[in-house]
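The primary structure of each chain is shown beneath.
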Amino acid sequence: MGATVPFSDLDHRYMARALQLARKGLYTTDPNPRVGCVIVQQLPGQPGQIVGEGYHVRAGEPHAEINALNAAGEHARGATAYVTLEPCSHTGRTGPCAVALQNARIARVVVAMVDPNPQVSGNGIKVLRAAGIEVGVGLLEQDARALNPGFIARMEHQRPFVRLKMAMSLDGRTAMGSGESQWITGPEARSHVQRLRARSSAILSGVESIIMDDSRLTLRVEQLQLANADTVVLRQPLRIIVDTRLRLPLATACLTEPGRTLIMTTPAHSPEKRTKLIAAGAEVHVFEPGSDGRLPLKELLQWLAENEQVNELLVETGATLAGALLDAQLVDELQLFVAPTLLGGEAKPLFALPGLSRMADQRRLTIHDMRAVGRDWRIIASPQPD
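Here is what the cut-offs are and how they apply
- In this numbering scheme, every chain counts its residues from 1 along its sequence in written order.
- In keeping with the predicted nature of the model, local features appear solely for residues at pLDDT of at least 70, side-chain atom pairs appear and are counted solely at 80 or more, and the whole-chain, interface and lining totals rest on all residues.
- In computing side-chain values, all of the structure's heavy atoms are included and hydrogens and water are not.
- A pocket, in this scheme, is an open set of points on a 1 Å grid over the protein atoms alone with protein on both sides within 12 Å along at least 5 of 7 lines, while a cavity is a set where a 1.4 Å probe fits but cannot get out; residues line either one if an atom lies within 4 Å of a point.
- Grid points are joined across faces, edges and corners, and a volume is the space filled by probe spheres set on the points.
- The helix count covers DSSP runs of H or I at least four residues long, the strand count covers runs of E at least two residues long, and both are numbered beginning at the N terminus.
- To pair, rings of Phe, Tyr and Trp, with the six-membered ring standing in for Trp, must have centres within 6.5 Å; the planes then decide the type, stacked if under 30 degrees apart, edge-to-face if over 60, and tilted in the middle.
- Here's how the labels work: a residue is buried when its accessible area is under 20% of the maximum for its type, exposed when over 50%, partly exposed in between, all with a 1.4 Å probe on protein chains only.
- At least two bridges found by DSSP between two strands are what make those strands a pair.
- Axes, fitted as lines to C-alpha atoms, cover a helix only where it is in contact. Angles between the N-to-C directions of the axes lie from 0 to 180 degrees.
- Here the term patch refers to residues with relative accessible area over 30% and no salt bridge, with like charges joined within 9 Å and nonpolar side chains (Val, Leu, Ile, Met, Phe, Trp, Tyr) within 5 Å.
- Surface accessibility in these figures is a Shrake-Rupley result with a 1.4 Å probe; residues are shielded only by whichever protein chains are displayed.
- One side-chain nitrogen of Lys or Arg within 4 Å of one carboxyl oxygen of Asp or Glu is enough to make a salt bridge.

Undergrad: Account for empty space enclosed by the protein, with residues named and values stated.
TA: Inspection of every chain in the model, using the stated rule, returns one cavity of 30 Å³ or more. Within this model, the largest cavity holds a volume of roughly 60 Å³. Lining the largest cavity are 13 residues; nearest its centre among them are Asp30, Asn32, Arg34, Asn311 and Glu312. At three residues, helix α6 (residues 149-157) tops the list of elements feeding residues into the lining of the largest cavity.

Spelled out as C-alpha cells, the structure:
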C-alpha cells in the first residue's frame, strides 16, 4: 500500500499540519484515535492553499475528515486531503469517511498510516482507489503512530499501552518507611502527571498505595494547566484498583469522586465485603488467580482492552505491583520523576523485582528523553527486551 509517487516538500508540510491538528484531541478522543485532516486545493501555476482543516474532538462526534470537508465546502472538489490515519470504511456512530471523501470529489488522499483496526485496515484505502482517487500511504508514519500508542496496542496486541509513572528521590526511594510519600516532587511535576492522567483511558493502582495515600486518582482543573481544562475533566479516567484480599476501606476518597472505580480481585475473599464495596460505589470484578495466587496481570490487561476499550493505561502504584508488571514484561514506557532530595536507606524502594541476584540479571532500560520539570527531572525510558 505504498505511495504511488514520491512525497513532495509540500506534502510533508501539510501532513505535519494534520498531525498538529490531531494533537488537539490528545485529551478528549478516547477511546477513539487522535486524527487530523487538512484539505489543500492546488491550482495550476499557484502554490497550494488550505481550504479546510479539522480534527476528531471526541467519540460519537464527526471524524477529522468530515470536519475538514465541512470547512472546505465546494472547494474540496479536485483537492488533496492529508489525513493522519486511514479514513474509515465502516459505519459506526458516524458514517464512513472514505465514502465522504469520494462524494466530495477529492482527487488525492495522502495517509500517514494504515488503520490497525481490523474493521478498517486497508479497506478505506481500497474504497478510495476503487473510486479512482490517487492514494499515497506512509508519509510521517512514525509521527502518526507516536500519537496513538494505546489505540495501536489495543488493535494490534489486544491490550493497552502501559505507561508506568513513578516519583523518587535521588537515592531511588519513593516513600518513607512509614509509607508517607506526599510530596516528593514539586508542583510542575504534579501538573505533568495530571496531563498524563488526562490522556489515559484508565489509571491503575494497587490497594496498598490507595490505603497509604487515600489517592483520589482524578483530574483536577487547577493542576492541569490546560486552556480547555474545564472540558477535559468532564471525562474522568477509569480508576482501577488491584485488591486481591479486598482490603480497600469503604470510606476511601476515590469511591466518592466522579467517574467509575473498578476493583480487581480474586474469588477467595469475603462476599460480604464485596457487597459493601458495590454499595459504596465500586464495581468489583473477579479473576481466577494465577499459579502464584496473584491476580493474572496479562489477563487483566486483555480484559481492560476488550471490555473497557482502554487504550493508554497509566500505572501509579508502589514497588510491588510496579515490579510485577515489569517482571511480566507488560510495561511499555516508564516516566520517572526524580526529586533533588534524599530519603535514606529505610525508605521504600522504587521497584520490588524478584530474582535479581547477579549483575547478569539486571533489567536494562533505554532512555528516550531526560529534561528538567520545575525543580525535578523527568526521565522517559522503556524496558529493553530480553
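Read on for the rest.
Undergrad: Describe the packing of aromatic side chains, naming the residues involved and giving the relevant values.
TA: Under the counting rule described, the total for this entry stands at two aromatic pairs. Judged by centre distance (5.4 Å) and plane angle (45 degrees), the rings of Tyr14 and Tyr82 are tilted. One end of the pair, Tyr14, is in helix α1 (residues 9-22); the other, Tyr82, is in strand β3 (residues 80-83), with 68 residues separating them in the sequence. The same class applies to Tyr14 as to Tyr82, namely buried. Relative to Trp303, the ring of Phe287 lies with its centre 6.0 Å away and its plane at 80 degrees, an arrangement referred to as edge-to-face. On the criterion of sequence distance, the pair formed by Phe287 in the loop between β11 (282-286) and α12 (297-308) and Trp303 in helix α12 is long-range, its members being 16 residues apart.

Undergrad: So, the sheet that holds strand β16 (residues 376-383): which residues are in play, and what are the values?
TA: In spatial order, the strands read β11-β10-β9-β8-β12-β6-β13-β16-β15; together these nine strands make up an open sheet with mixed pairing. Lying at the two open borders of the sheet, with one neighbouring strand each, are β11 and β15 (365-373). Strand-to-strand, the axes of this sheet are offset by a mean angle of 25 degrees, without reference to chain direction. Note: strand β10 (residues 261-265) against β11, five bridges, orientation parallel.

Undergrad: Provide a residue-level description of the pairing of β10, including the pertinent values.
TA: Taking burial as the measure, the five residues of β10 include five buried ones, the bulk of the element. Every second residue of β10 is oriented toward a common face, with Thr261, Ile263 and Thr265 on one face and Leu262 and Met264 on the other, all of them buried. As paired strands, strand β9 (residues 238-242) and β10 are joined by four bridges and run parallel to one another. Its bridge partner lying in β10, Ile241 is registered against Ile263.

Undergrad: So what's going on with a nonpolar patch on the surface? Residues and values would help.
TA: Taken together, the side chains of Ile367, Met370 and Trp377 define a hydrophobic patch exposed on the protein surface, amounting to about 330 Å² of accessible area. You can see Ile367 is positioned in strand β15.

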